[in-house]
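Report on the structure
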Amino acid sequence: MSESGHSATGYIVHHLTNLKIGEGFWALHIDTLFFSISLGALFLWLFMKAAKSATSGVPGPLQNFCEIMVDFVDTQVKDSFHGRNPVIAPLALTIFVWVFLWNAMDLVPVDLLPSIAGLFGIHYLRSVPSTDLNSTFGMSISVLLLVYYYSIKVKGPVHFAMEVLTHPFGKWLMPFNLLLRIVEDLAKPISLGLRLFGNLYAGELIFILIALLPWWIQFTLGWPWAVFHILVITLQAFI
């Protein structure tokens, strides 16, 4: 940083700036899209490899990990979704592992990938998709739409409409029930998107601040924060 003449403020701003094309609403964050797609492809490849090499004997580490993830997500889905649909559990598994991989990118040293990108003339690069509001809100809104789709598909349009209009205060307070449902459905994607973004953005900022310190303090503070952050990234993926 000192060799390039950047101040501490300039260093922080640089590391919090996305690589993008376009302006305003139509701007595309290329780094967010690149890492999201790459991590999604990594997830598909790992689980496909585990499925193809699965054995009924002693499982290998990859098969063991995948089976634990599948059993964990399947249990959570059964506890919260009482209908029968073969897509819900795989969808939940995809979201959990994908968001976990997003968050895990926060454990990569903050200067490593931007420095590599700089060798190819790329001046800005953020490698943690969950520190971008576009990705967290995109995920939460997509999940809300999928909840509507599968609720109507599994329960039927009439049953779903009656559930919305009569829960929780019965049919005589339909307008109030509908208002509560609208508020609830608006609050969920906003709270989930902001919670994921806020926690990972704060974690990324702390790593950047640690990187501004002398190397021996970086080592002293960086490892404990990284270990604690493993709990944060896992918890946020679960939520």
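Numbering of residues starts from 1 in every chain and runs along the sequence as written. Note on the predicted model: pLDDT of at least 70 is required for a residue's local features to be given, and 80 or more for side-chain atom pairs to be given and counted; whole-chain, interface and lining totals, by contrast, use all residues. Side-chain numbers come from the whole structure's heavy atoms, not from hydrogens or water.

Our focus in this paragraph is the overall build of the protein. Along the backbone of the protein there are 9 helices and 2 strands. Overall, the protein shows an N-to-C arrangement of helices and strands of α-β-β-α-α-α-α-α-α-α-α. Its C-alpha atoms give the protein principal-axis dimensions of roughly 70 × 55 × 35 Å. Counting over 239 residues, the protein shows a buried share of 31%. Look at the contacts in the protein between residues 6 or more apart in sequence, and 65% of them connect residues 24 or more apart. The Shrake-Rupley method, run with a 1.4 Å probe sphere, supplies the accessible areas, and residue values consider only the shown protein chains as cover. Accessible area for the protein stands at about 15000 Å²; split by element, carbon and sulfur atoms hold 74% of it. His is not counted, nor are the chain ends, whereas Lys and Arg count as positive and Asp and Glu as negative. To locate a charge, take atom NZ for lysine, CZ for arginine, CG for aspartate or CD for glutamate. Charged side chains in the protein number 12 positive and 14 negative. The centres of these two groups are separated by 13 Å. Secondary structure elements are taken from DSSP: a helix is a run of H or I of four residues or more, a strand is a run of E of two residues or more, and numbering for both begins at the N terminus. Partly exposed describes any residue whose relative accessible area lies between the buried limit of under 20% and the exposed limit of over 50%, with all areas from a 1.4 Å probe on protein chains only and scaled to the type maximum. Contacts are assigned to residue pairs that have any heavy atoms within 4.5 Å of one another.

Moving on, we get to the packing of helix H3 (residues 61-80) against helix H4 (residues 88-104). Relative to each other, H3 and H4 sit at 120 degrees, their axes nearing to 9 Å. Viewed along their axes, H3 and H4 adopt a mutual orientation that is oblique. Of the two elements, H3 crosses H4, and the hand of that crossing is right-handed. Taken together, the residues of H4 that come into contact with H3 (itself represented by Met69, Val70, Phe72, Val73, Asp74 and Val77) are Ile88, Ala89, Ala92, Leu93 and Phe96. Residue type decides the class: Asp, Glu, Lys and Arg count as charged, Ala, Val, Leu, Ile, Met, Phe, Trp, Tyr, Cys and Pro as nonpolar, and the leftover types, Gly among them, as polar. Residue composition of the contact of H3 with H4, by class: 10 nonpolar, no polar and 1 charged. Simply put, an axis is a line fit to the C-alpha atoms, just over the touching stretch for a helix, and the angle between two N-to-C directions goes from 0 to 180 degrees. Angles below 35 degrees are treated as roughly parallel, those above 145 as roughly antiparallel, those between 65 and 115 as roughly perpendicular, and all remaining angles as oblique. Crossing handedness is read from the near helix: turned anticlockwise from the far helix by less than a right angle, it gives a left-handed crossing, and turned clockwise, a right-handed one.

Here Ser140 shows up in helix H6 (residues 133-155). The buried category is assigned to Ser140, whose relative accessible area is 8%. The residues contacting Ser140, other than those within four sequence positions of it, are Pro189, Leu192 and Gly193.

The working definition used for a salt bridge is a side-chain nitrogen of Lys or Arg within 4 Å of a carboxyl oxygen of Asp or Glu. Throughout the structure, instances matching the rule amount to 5 salt bridges. Among the salt bridges present, the one from Asp185 reaches Arg181, with a minimum N-O distance of 2.9 Å. On the criterion of helical spacing, the pair formed by Asp185 and Arg181 is a turn pair, its members being 4 residues apart in helix H8 (residues 174-211). One exposure class covers both Asp185 and Arg181, and it is buried. As a salt-bridge pair, Glu184 and Lys188 come within 3.3 Å of each other at their nearest N and O atoms. Pair noted here: Glu184 and Lys188 are both in helix H8, with a separation of 4 residues, about one helical turn.

Running from N to C, helix H2 (residues 30-52) and H4 point in directions that differ by 125 degrees, and their axes come no closer than 9 Å. Judged on the interaxial angle alone, H4 and H2 are oblique. Read as a crossing pair, H2 and H4 show a hand that is right-handed. Counted together, Ser36, Leu39, Gly40, Phe43 and Phe47 of H2 and Leu93, Thr94, Val97, Trp98, Leu101 and Trp102 of H4 form the full contact between these two elements. Grouping the constituent residues of the contact of H2 with H4 by class yields 8 nonpolar, 3 polar and no charged.

Once that is clear, we can look at the confidence of the model for the protein. Predicted confidence across the protein gives a mean pLDDT of 88, with 96% of residues reaching 70 or more. Here residues 1-5 is a poorly scored stretch, pLDDT under 50, and it has 5 contacts once near neighbours within four places are set aside; other chains count. In predicted models, pLDDT denotes the confidence assigned by the predictor to each residue on a 0 to 100 scale.

Two rings belonging to Phe, Tyr or Trp (six-membered ring only in the last case) form a pair when the distance between their centres is within 6.5 Å. Interplanar angles under 30 degrees mark stacking, angles over 60 mark edge-to-face geometry, and anything in between is tilted. Counted according to the given criterion, the structure contains 13 aromatic pairs. An angle of 80 degrees between the planes, with centres 5.2 Å apart, marks the rings of Phe34 and Phe35 as edge-to-face. The exposure class of Phe35 is buried, given its relative accessible area of 9%. Aromatic rings pair up to connect Phe72, Phe96 and Phe238 into one cluster.

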